[in-house]
Amino acid sequence: MKIVLAPDKFKGSLTGAEVAEALAEGIREVLPDAELVLVPVADGGEGTVSAALGAGYSPRRAAVAGPTGQTLTAEFAVSAGPEGQRTAVIEMAAASGLDVLPGGVRDARDATSLGTGQLIRAALDAGCREIALGVGGSACTDGGAGMLAGLGARFTDDAGRDLPLGGAALARIAEADLSGLDARLDNARLILAADVDNPLLGAEGAAAVFGPQKGASPSDVEELDAALARFAAVLGQAMGPLAAAAKDLPGAGAAGGVGYAALALGATRRRGIDVVVEFTGLREKLVGADLVVTGEGSLDAQSLSGKAPIGVAKEAAAQGIPVVAVCGRSQLADAASAGFRSIHALTGLEPDVETCIREASTLLRRIGIDLAASIVDLENSKEPVT
């Protein structure tokens, strides 16, 4: 019996690796001889670096600017291999995310992606020439101007003064000086791990759709959209046709427009789970499996739009392997339509959500025991999995 455990994190409770280990403990109690393959996954947002570390990447840390400019230490992951042939996995959220805002105070107008650019530069310093940038959970709406500044670009107003950090200041941009942009980018492959397909500007753009989540008022949204339009016009003139066209590409509006800056640099956009499947080797690890267990903290309508458990289910289905899901709570009416044989929620064992969060490891272990027991029953009865 080979079982692959490939869950995402339970946000606010356990990492993907901790979820997998808790399930494994329960399964081993009933099936001590089962081959358990633990492959924690993520969707390109928070938890992506953890998934890379679980796949054998090495942790690296860098002191970078946080979303309000304060210095913080952010972790990223680097693959093995000789210098110049390594891959880095970076989470934008670690440097420029909502979760690292001082006091949790959101400021869509002034938050910056500067630290994300500094993390990319740290990856280049580490000998990486392929960089996968996961952009979920960002705090900024600066079109990636901060990221580009972290890579050596300079943005000035009519008087030649450096612009302050943040998206609102881009309304005053007059010139983009890219002469200091890190030359190593020319020989690097940048992968934008982003599931959203929004353009940079307009009603479906970065400010309008995602700005309110970052603290933007209706007037802030209008101001930021105009500032991003000004930025795109100036950057397009400075960088040429690729940057000029990038503002309309799917994914340009991701992470407050960091997607736009990445695409302007020539990044390739891919779904986050596809990037994770590749660097974890999940597809290869599924070969010969009898069952796959995946999941995340909350299974809901958003899960169906490319979240990690759905991606895992599709990979398993391609090899004809049954999949069950675990979660903190489920709002999906039909497990089969999501690609799962069944869904096992912590709230099915403990209705109090706070208790589920606090005791997630214990409850997941119980679910592991129940799953293993159902496998034993299946083997004894030869009935289909339900």
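Everything that follows concerns the structure shown earlier in this document.
Before going into details, it helps to say that this report is about the structure given with it. (Residues numbered from 1 in each chain as written. Predicted model: local features only at pLDDT ≥ 70, side-chain atom pairs only at ≥ 80, totals over all residues. Heavy atoms only, no water.)

Here's the deal with the overall build of the protein
Working step 1: Helix and strand counts for the protein stand at 14 helices and 13 strands.
Working step 2: In terms of C-alpha radius of gyration, the protein reaches 22 Å, essentially the compact-globule figure of 21 Å for 386 residues.
Working step 3: Taking the principal axes of its C-alpha atoms as reference, the protein extends roughly 80 × 50 × 35 Å.
Working step 4: Across the 386 residues that make up the protein, the buried fraction comes to 53%.
Working step 5: Surface accessibility of the protein: about 15600 Å² in total, with carbon and sulfur atoms responsible for 48%. (Helix = DSSP H or I, 4+ residues; strand = E, 2+ residues; numbered from the N terminus. Rg over C-alpha atoms; globule rule 2.2 N^0.38 Å. Buried < 20%, exposed > 50% of the residue type's maximum accessible area, 1.4 Å probe, protein only. Areas by Shrake-Rupley, 256 points an atom, 1.4 Å probe, with all protein chains shown as cover.)

Observations concerning the side chain of Glu 315
Working step 1: In this structure, Glu 315 sits in helix α12 (residues 308-318).
Working step 2: Reaching out from Glu 315, the side chain makes a polar contact with the side chain of Arg 283 at a distance of 2.8 Å.
Working step 3: The residues contacting Glu 315, other than those within four sequence positions of it, are Val 277, Arg 283 and Leu 286. (Polar contact = N/O pair within 3.5 Å; in protein donor to acceptor, adjacent residues only side chain to side chain. Contact = heavy atoms within 4.5 Å.)

Observations regarding the pairing of strand β3 (residues 58-65)
Working step 1: Strand direction decides the pairing type here: β3 and strand β4 (residues 71-78), joined by 8 bridges, are antiparallel. Residue pairing in the sheet places Arg 60 in a bridge with Phe 76 of β4.
Working step 2: Count of turn residues in the β3/β4 antiparallel hairpin: 5 residues, of which Gly 69 carries a positive phi of about 95°. (Pairing = 2+ DSSP bridges.)

Considering the nonpolar core
Working step 1: One finds Phe 76, Leu 133, Val 135, Phe 155, Phe 231 and Tyr 260 to be the most contacted residues of the largest nonpolar core, which totals 66 residues.
Working step 2: Element by element, the count of residues in this core is highest for helix α7 (residues 218-239), at 8 residues.
Working step 3: If you look at the next biggest cluster of nonpolar residues, it comprises 39 residues, including Val 37, Ala 42, Ala 289 and Ala 316. (Core = buried A, V, L, I, M, F, W, Y, C linked by side-chain atoms within 4.5 Å.)

Looking at the sheet that holds strand β2 (residues 35-38)
Working step 1: Strand order in the open sheet made by the 5 strands is β2-β1-β11-β12-β13, with parallel pairing throughout. In this open sheet, the two edge strands, each paired with only one partner strand, are β2 and β13 (342-345). Here the average twist between neighbouring strands, direction ignored, is 25°.
Working step 2: In the packing of helix α1 (residues 16-30) onto the sheet, contacts are made with β1 (2-7), β2, β11 (291-299) and β12 (323-330), and the angle to β1 comes to roughly 150°.
Working step 3: Together, β1, β11 and β12 form the strand contacts of α12, whose direction differs from that of β11 by roughly 160°. (Axes fitted to C-alpha atoms, helices over the stretch in contact; angles between N-to-C directions.)

Looking at the environment of Asp 158
Working step 1: Within the secondary structure layout, Asp 158 lies in the loop between β7 (154-156) and β8 (175-177).
Working step 2: Residues Asp 158 and Ile 173, spaced 15 residues apart in sequence, show a C-alpha to C-alpha distance of 7.3 Å.
Working step 3: If we ignore the near neighbours within four places in the chain, the residues touching Asp 158 are Arg 172 and Ala 174.

Observations regarding the side chain of Asp 43
Working step 1: Mapped onto the elements of the fold, Asp 43 is located in the loop between β2 and α2 (48-54).
Working step 2: Among the polar contacts made by the side chain of Asp 43, one reaches the main-chain amide nitrogen of Gly 45 at a distance of 3.1 Å.
Working step 3: At 3.3 Å, the side chain of Asp 43 and the side chain of Lys 307 are in polar contact.
Working step 4: Residues within four places of Asp 43 in sequence aside, it is in contact with Asp 8, Thr 48, Asp 195, Gly 272, Ile 273, Gly 306, Lys 307 and Ala 308.

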